[in-house]
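# Residue-level structure breakdown
Listed below are the residues making up each chain.
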Amino acid sequence: MNRDWEDRVTAAWATFDEYPQDRAAAFRAVIDTLVAELPEGSPLGLFEQACAWDSTGHSDRAAPLYREALARGLGDLSGYKGRRAKIQLSSSLRNIGQADEGVKLLTPELDAPSDELDDAVRACLALCLSSLGRDREGLSLVIGALAPHLPRYQRSMANYARALVEDADAG
């Protein structure tokens, strides 16, 4: 879509906090109005609608929209939004009791080209793993993601993160 549309979507999301839970439907209507400008079934529109449902507490409504956006080629239109959709879909899946699907969706993202979403991938994957009782693996991901941001102890924390996974694999 064009830059003007993207800017208006960004502006709409900037107002999200102005919509308390009892006005969640009004926020979704703002997004729906913008999506109506797109061709029917646009992966960008499906993604924005999924985000709106997800952000207003309806993971169950968001998950199918994320799936459809990805199936319709969201990642081809925008690799960044495609990756966001995978992260957010995994979170939604965890919220609706399907964390195993979230793990399957996000695990390949650990080997994807690096970008600013790397830590979000690891955090969401850690939550999915924890929901499946795989806390040591999840903790390893979180510590590994945190380590590069620390002013000291990066090497130690990275080693501890690896050891957690090795211990989990050995057990």
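Here the distance between the centres and the angle between the planes together describe a pair of aromatic rings. Per the counting criterion, the structure on display carries 5 aromatic pairs. Seen from their ring centres, Trp13 and Phe16 are 5.8 Å apart, and the 35 degrees between their planes marks the pair as tilted. The exposure class assigned to Trp13 is partly exposed, which follows from its relative accessible area of 23%. Taken together, the ring pairs connect Trp13, Phe16, Tyr19 and Phe27 into an aromatic cluster. Positioned over the ring face of Trp53 is Arg61, at 4.0 Å from the centre of the ring.

In this section: helix α3 (residues 43-55). Helix length check: α3 (13 residues) gives 18 Å between terminal C-alpha atoms against 18 Å at 1.5 Å per residue, within 8%. Among the 13 residues of α3, 12 are classified as buried, and the element is accordingly described as predominantly covered. All of the buried residues along α3 are Pro43, Leu44, Gly45, Leu46, Phe47, Glu48, Gln49, Ala50, Cys51, Ala52, Trp53 and Asp54. Here the buried face of α3 lies against α1 (3-14), α2 (24-35), α4 (59-71), α5 (74-77) and α6 (79-95). With a side-chain oxygen positioned 3.2 Å from the backbone nitrogen of Leu44, the residue opening α3 is Ser42. Positive phi shows up at Gly57, right after α3, with a value of about 85 degrees.

Rules used throughout
Residues numbered from 1 in each chain as written. Predicted model: local features only at pLDDT ≥ 70, side-chain atom pairs only at ≥ 80, totals over all residues. Heavy atoms only, no water. Phe/Tyr/Trp six-rings, centres within 6.5 Å; stacked < 30°, edge-to-face > 60°. Buried < 20%, exposed > 50% of the residue type's maximum accessible area, 1.4 Å probe, protein only. Lys NZ or Arg CZ within 6 Å of the ring centre and 35° of its normal. Helix = DSSP H or I, 4+ residues; strand = E, 2+ residues; numbered from the N terminus. Expected span 1.5 Å × (residues − 1). Contact = heavy atoms within 4.5 Å. Polar contact = N/O pair within 3.5 Å; in protein donor to acceptor, adjacent residues only side chain to side chain.

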